[in-house]
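# Tertiary structure, described
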Amino acid sequence: MGGCASKDKKDKVVDGDAVATDNNATENNTADGDKATSVTAAGETATTEANGDATANAEGKEDTMVDAAVLTKLEEGFAKLQASNSKSLLKKYLTKEVFDNLKNKKTPTFGSTLLDCIQSGLENHDSGVGIYAPDAEAYTVFADLFDPIIEDYHGGFKKTDKHPASDFGDVNSFANLDPNNEFVISTRVRCGRSMQGYPFNPCLTEAQYKEMEEKVSSTLSGLEGELKGKFYPLTGMDKAVQQQLIDDHFLFKEGDRFLQSANACRFWPSGRGIYHNDNKTFLVWCNEEDHLRIISMQKGGDLGEVYKRLVTAVNEIEKRIPFSHDDRLGFLTFCPTNLGTTIRASVHIKVPKLGANLAKLEEIAGKYNLQVRGTRGEHTEAEGGIYDISNKRRMGLTEYQAVKEMYDGIAELIKIEKSM
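- The name an unreviewed UniProt entry assigns to the protein is arginine kinase, from the organism Musca domestica.
- If you open the UniProt record of the protein and go to Sequence similarities (unreviewed entry), you find "Belongs to the ATP:guanido phosphotransferase family."

This is the structure:
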């Protein structure tokens, strides 16, 4: 079975059907910050097309050798990364020893190589992280690289640690963070899920994308009550519907250069879609970065309502669609920053006094393991003094604990803002 990266480059040459969909998303649609890499040069595409897919040898066994063209690209990319001033976690942990140990390895089922994992970080030296898992097995096969990056990003989650069992806790325990609507503009809690039995984006075929979309669409159409709504496929989307979704800040676009480099946008827009409930407070993205991105949101600071809605939705969907889960890493996702609980609880918050001293704002947020970003997500400015602040840790703690960190941190920021 051929490696995902080479397979994708071949598909892109043949199909060439990348259709960008306009987007105005309030939060950057990589959903969790730090991303990884970039698309390969056209010349390399031809080489990999000729050589990339592993083939069965004369004895009928799968070829486990890494293609020569892939090795060349790895060596060249590694040399450039080492010579760069990149601050990525990839550069920090991809030592010569680790590189040499992993460069000839492949995942057993999909034949993913080290290049499939790190090509985004090799091409985009401004990546925060720089690595993705093309399939679930990559977390094990390339553990010498993934483990230290996971430990660094997730606040000391060591390779000997085990993520706790899923626990959403008491969904009624969170109050409204800002009952007088002075500071919090909106509240959002989301999680990512991968469907059992399918690889991640770089290894998915077009048929699998369509099959997954059908499963997701039929599952979501069965939701009732507050979650009841409609599924909108991106393929063949009516212009009026598209404009409405843009106006609502719901529509996601084809991935940024980090995701494109990681081969996460194959067969776009096939198999992609959006579901939202009638109240527009519950949203599901199908096959954006993860198989499923489940989102609960509303205006104001009532985290309790938002969290309760998300938990209800996740439990309802899981009754119908089995999710990929690992005993050590928790829920499995394409990007290692989203492993574990996969929970990102965030607010858009206006704190002009604290915001006047960004270093102080970030210092206070850091004490509660919170991440401060611009209004529209990572790498954006705070428009009108409005920041996107969320929990950073997703591993080594339960879903409830992850949301509680955000709750406690935001409550403290509001208290300090009021006292200034």
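## Digging into helix 15 (residues 399-419)
- In a regular helix each residue adds 1.5 Å, so 21 residues correspond to 30 Å; helix 15 covers 31 Å between its end C-alpha atoms and thus fits that length.
- Among all positions of helix 15, only Glu 399, Ala 402, Val 403, Glu 405, Met 406, Tyr 407, Gly 409, Ile 410, Leu 413, Ile 414, Ile 416 and Glu 417 are buried.

## Looking at the packing of aromatic side chains
- Taken as a whole and assessed by the stated rule, the structure comprises nine aromatic pairs.
- Aromatic side chains Phe 78 and Phe 99 sit 4.3 Å apart centroid to centroid with 10° between the ring planes, which places their arrangement in the stacked category. Note that Phe 78 is positioned in helix 3 (residues 68-83) and Phe 99 in helix 5 (residues 96-102), a separation of 21 residues in sequence. The residues Phe 78 and Phe 99 share a single accessibility class, namely buried.

## With respect to the sheet that holds strand 5 (residues 292-299)
- Spatially, the eight strands line up as an open sheet ordered 2-3-4-5-1-8-10-9, and their pairing is antiparallel. At either end of the open sheet lies a strand with only one pairing partner, and these are strand 2 (229-233) and strand 9 (370-373). Along the sheet, successive strands turn relative to each other by an average axial angle of 20°, direction set aside.
- Pairing of strand 9 with strand 10 (residues 386-391) involves four bridges; the strand directions are antiparallel. From the neighbouring strand, Leu 370 faces strand 10, where its bridge partner is Asn 391.
- Sitting on the sheet, helix 9 (residues 206-220) is in contact with strand 2, strand 3 (273-277), strand 4 (282-286) and strand 5, with an inclination near 165° to strand 2.

## Some words on the pattern of salt bridges
- With the rule as written, the count across this model stands at 14 salt bridges.
- The salt bridge partner of Glu 123 is Lys 73, with a shortest N-O separation of 3.0 Å. One end of the pair, Glu 123, is in helix 6 (residues 114-123); the other, Lys 73, is in helix 3, with 50 residues separating them in the sequence.
- The exposure class assigned to Glu 123 is partly exposed, which follows from its relative accessible area of 30%.

## Examining the pairing of strand 3
- Of all five residues in strand 3, five are buried; the element is thus mostly enclosed.
- Of the two faces of strand 3, the one carrying Gly 273, Tyr 275 and Asn 277 and the one carrying Ile 274 and His 276 are both buried.
- By the bridge criterion, five bridges tie strand 2 to strand 3 in an arrangement that is antiparallel. Its bridge partner lying in strand 3, Gly 229 is registered against Asn 277.
- Note that strand 3 and strand 4 share four bridges and pair antiparallel. Bridge pairing in strand 4 places Ile 274 opposite Trp 285.

Parameters at a glance
Residues numbered from 1 in each chain as written. Predicted model: local features only at pLDDT ≥ 70, side-chain atom pairs only at ≥ 80, totals over all residues. Heavy atoms only, no water. UniProt positions renumbered as here; feature names shortened; annotations may be inferred. Helix = DSSP H or I, 4+ residues; strand = E, 2+ residues; numbered from the N terminus. Expected span 1.5 Å × (residues − 1). Buried < 20%, exposed > 50% of the residue type's maximum accessible area, 1.4 Å probe, protein only. Phe/Tyr/Trp six-rings, centres within 6.5 Å; stacked < 30°, edge-to-face > 60°. Pairing = 2+ DSSP bridges. Axes fitted to C-alpha atoms, helices over the stretch in contact; angles between N-to-C directions. Contact = heavy atoms within 4.5 Å. Salt bridge = Lys/Arg side-chain N within 4 Å of Asp/Glu carboxyl O.

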